[in-house]
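The lines below spell out each chain.
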Amino acid sequence: MENGGSRQATMAELQEVQITEEKPLLPGQTPEAAKTHSVETPYGSVTFTVFGTPKPKRPAILTYHDVGLNYKSCFQPLFQFGDMQEIIQNFVRVHVDAPGMEEGAAVFPLGYQYPSLDQLADMIPCILQYLNFSTIIGVGVGAGAYILSRYALNHPDTVEGLVLINIDPNAKGWMDWAAHKLTGLTSSISEMILGHLFSQEELSGNSELIQKYRNIITHAPNLDNIELYWNSYNNRRDLNFERGGDITLKCPVMLVVGDQAPHEDAVVECNSKLDPTQTSFLKMADSGGQPQLTQPGKLTEAFKYFLQGMGYMASSCMTRLSRSRTASLTSAASIDGNRSRSRTLSQSSESGTLSSGPPGHTMEVSC
């Protein structure tokens with residue numbers, strides 16, 4: 001079976017990737033047809049867009065975006081990237097828009113009680129039931145990563161894997177709340193959300209990407225709705241992950257964060273709390289706060305390795321990996337995460353597989 005024996009093994013470690021070119025969707029390539037649906041849930045209506053058709057014995061890829069974005073502004077650069085096409089032709093995709101975040105969404109009336117992040121997670125079973133999908137591989141960013149994690153804790157049998165970008169599993173502490181309130185006195189909602197999405201260095205540099213997203217958020221016709229989603233994110237509960245405890249993610253997990261990103265410390269802490277035999281940690285250099293926007297090539301390559309570690313796409317050709325390279329990776333070598341050691345992995349350029357040392361360690365990869 002395609003996902004049999006290899007799924008029993010330790011998660012495939014991720015290899016440092018050398019990207020020398022970018023391959024966006026070519027002008028001649030026709031984007032996939034999309035079908036948008038809305039379903040009623042106990043917490044209101046939710047909209048989602050489906051690409052492709054279900055594949056036998058394969059989960060759906062389900063994405064959930066961060067605050068200030070929708071599925072297009074959060075994930076389109078990644079899923080339209082040229083090398084991603086090999087992945088998406090093998091899986092049906094479901095892109096969820098948080099309530100009121102979809103394009104053309106009406107502004108909620110004054111006093112509307114927006115769902116909590118836990119309630120947003122509880123909407124996902126309604127989506128899967130509507131589509132008659134049994135299992136997913138979740139890809140979430142920021143608030144979306146939290147929502148998918150909460151869903152996975154509640155419904156572990158339906159989640160085969162998770163890619164969590166910029167996850168902060170912790171509730172806000174008193175110091176965080178004080179800083180948040182003080183910032184709110186001097187900054188607009190759009191500026192606070194931009195500070196959540198991007199690093200201060202990126203915002204100061206004011207690149208074309210930053211200008212684009214500042215314009216999207218500042219002039220969003222549903223900015224009031226975005227503020228409600230933002231408030232729900234800031235009122236999130238602690239996920240209470242505990243390494244070796246009862247509350248943990250049971251599926252393979254790939255944690256992703258940009259070097260010097262706003263949520264780097266939170267993702268590092270999350271990594272220390274998850275099962276090291278099931279978790280891969282990808283720290284991406286030069287990617288800023290939103291690696292799926294700035295480094296879609298590297299993230300695509302890592303995603304392929306992740307899927308291969310789960311037993312899917314075993315014959316995928318890793319054509320864009322640097323040949324016969326040796327990557328230096330650091331591995332968390334103790335349960336409490338306080339001790340670490342370095343080890344070297346070598347890559348087989350013909351098969352696209354990795355030969356590794358002893359299993360059982362969370363891998364940290366800088367690429």
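Residues numbered from 1 in each chain as written. Predicted model: local features only at pLDDT ≥ 70, side-chain atom pairs only at ≥ 80, totals over all residues. Heavy atoms only, no water.

Colleague: In this structure, what is going on with the overall build of the protein chain? I would like to understand it.
Modeller: The secondary structure content of the protein chain amounts to 13 helices and 12 strands. Residues classed as buried in the protein chain amount to 54% of the 367 residues present. In the protein chain, once contacts between residues fewer than 6 apart in sequence are set aside, the share between residues at least 24 apart is 75%. For the protein chain, the accessible surface area stands at approximately 16000 Å², while carbon and sulfur atoms represent 50% of it. (Helix = DSSP H or I, 4+ residues; strand = E, 2+ residues; numbered from the N terminus. Buried < 20%, exposed > 50% of the residue type's maximum accessible area, 1.4 Å probe, protein only. Contact = heavy atoms within 4.5 Å. Areas by Shrake-Rupley, 256 points an atom, 1.4 Å probe, with all protein chains shown as cover.)

Colleague: Help me out: how do you make sense of the packing of helix H4 (residues 117-131) against helix H5 (residues 143-154) in this one?
Modeller: The axes of two packed helices give the description: the angle between them and the distance between them. At a minimum axis separation of 8 Å, H4 and H5 run at an interaxial angle of 65°. When the axis of H4 is compared with that of H5, the two are roughly perpendicular. For H4 against H5, the interelement crossing comes out right-handed. Counting all contacts with H4, which are made through Leu 117, Asp 118, Leu 120, Ala 121, Asp 122, Ile 124, Pro 125 and Leu 128, the residues of H5 involved are Tyr 146, Ile 147, Leu 148, Arg 150, Tyr 151 and Asn 154. Grouping the amino acids of the contact of H4 with H5 by side-chain chemistry returns 10 nonpolar, 1 polar and 3 charged. (Axes fitted to C-alpha atoms, helices over the stretch in contact; angles between N-to-C directions. Parallel < 35°, antiparallel > 145°, perpendicular 65-115°, else oblique. Left-handed = near helix turned anticlockwise from the far one by under 90°. Nonpolar A, V, L, I, M, F, W, Y, C, P; charged D, E, K, R; others polar.)

Colleague: Would you take a moment to explain unusual backbone geometry for this structure?
Modeller: Comment: phi is negative for the bulk of residues other than glycine, and the bulk of peptide bonds are trans. In this structure, Asn 132 takes a positive phi of about 60° despite not being glycine. The topology assignment puts Asn 132 in the loop between H4 and strand E5 (136-141). Unusually for a residue other than glycine, Gln 260 sits at a positive phi of about 70°. In this structure, Gln 260 sits in the loop between strand E7 (253-258) and helix H11 (264-273).

Colleague: Can you walk me through the nonpolar core in this structure?
Modeller: Where a protein is soluble and globular, its nonpolar side chains tend to be buried together. Judged by nonpolar contacts, the single largest core of 91 residues is most densely connected at Tyr 64, Val 94, Leu 162, Tyr 229, Leu 255 and Phe 303. Other than its neighbours up to four places away in sequence, Phe 303 contacts Ile 61, Met 84, Ile 87, Ile 137, Val 139, Val 163 and Met 254. (Core = buried A, V, L, I, M, F, W, Y, C linked by side-chain atoms within 4.5 Å.)

Colleague: Looking at this structure, how should I read the confidence of the model for the protein chain?
Modeller: Keep in mind that low pLDDT regions are not for reading the predicted coordinates in detail. Confidence along the protein chain averages 81 in pLDDT terms, with 73% of residues attaining 70 or more. The low-confidence segment residues 1-30 (pLDDT under 50) makes 80 contacts with residues lying over four places distant or belonging to another chain. Counted against residues more than four places away or in other chains, residues 319-363, with its pLDDT under 50, gives 104 contacts. (pLDDT = per-residue confidence, 0-100.)

Colleague: Is there a simple way to explain helix H9 (residues 208-218) in this structure?
Modeller: Owing to its 3.6 residues per turn, the α-helix aligns residues three or four sequence positions apart on the same side. Turning to H9, its buried residues number three or more, namely Ile 210, Tyr 213 and Ile 217. Down the axis of H9, the buried set is contained in an arc of 75°. They therefore lie on one face. Against the buried residues of H9 lie helix H2 (71-79), helix H7 (189-197), helix H8 (200-205), helix H10 (223-234) and helix H12 (291-294). (Arc of directions from axis to C-beta.)

Colleague: Sorry, what's going on with the pattern of salt bridges here?
Modeller: A side chain with one charge may pair with a side chain of the opposite charge, provided their charged atoms come close. Taken as a whole and assessed by the stated rule, the structure comprises 8 salt bridges. The residue Glu 103 makes a salt bridge to Lys 72 at a minimum N-O spacing of 3.3 Å. Of this pair, Glu 103 sits in the loop between strand E4 (93-97) and H4 while Lys 72 sits in helix H2, placing them 31 residues apart in sequence. Take Glu 103: its relative accessible area is 55%, and that puts it in the exposed class. Assessed through its relative accessible area of 30%, Lys 72 is described here as partly exposed. Two residues, Glu 269 and Lys 273, come together in a salt bridge whose shortest N-O distance is 3.1 Å. (Salt bridge = Lys/Arg side-chain N within 4 Å of Asp/Glu carboxyl O.)

Colleague: How should the packing of aromatic side chains be read in this particular structure?
Modeller: The geometry of an aromatic ring pair is captured by the separation of the ring centres together with the interplanar angle, meaning the angle of the planes. Scanning all chains against the criterion turns up 10 aromatic pairs. Both rings, one in Phe 48 and one in Tyr 130, keep their centres 5.8 Å apart while their planes meet at 75°; by these two values the pair is edge-to-face. Taken as a pair, Phe 48 in strand E2 (residues 44-51) and Tyr 130 in helix H4 lie far apart in primary sequence, 82 residues in all. On the basis of relative accessible area, Tyr 130 is assigned to the partly exposed category, the value being 46%. Aromatic pair Tyr 112 and Tyr 114: ring centres 6.5 Å apart, planes at 70°, arrangement edge-to-face. Note on Tyr 114: relative accessible area 4%, which makes it buried. Taken together, the aromatic side chains of Phe 108, Tyr 112, Tyr 114 and Tyr 229 make up a single cluster linked through ring pairs. Positioned above the aromatic ring of Tyr 233 is the side chain of Arg 236, whose terminal nitrogen or guanidinium carbon lies 4.2 Å from the ring centre. (Phe/Tyr/Trp six-rings, centres within 6.5 Å; stacked < 30°, edge-to-face > 60°. Lys NZ or Arg CZ within 6 Å of the ring centre and 35° of its normal.)

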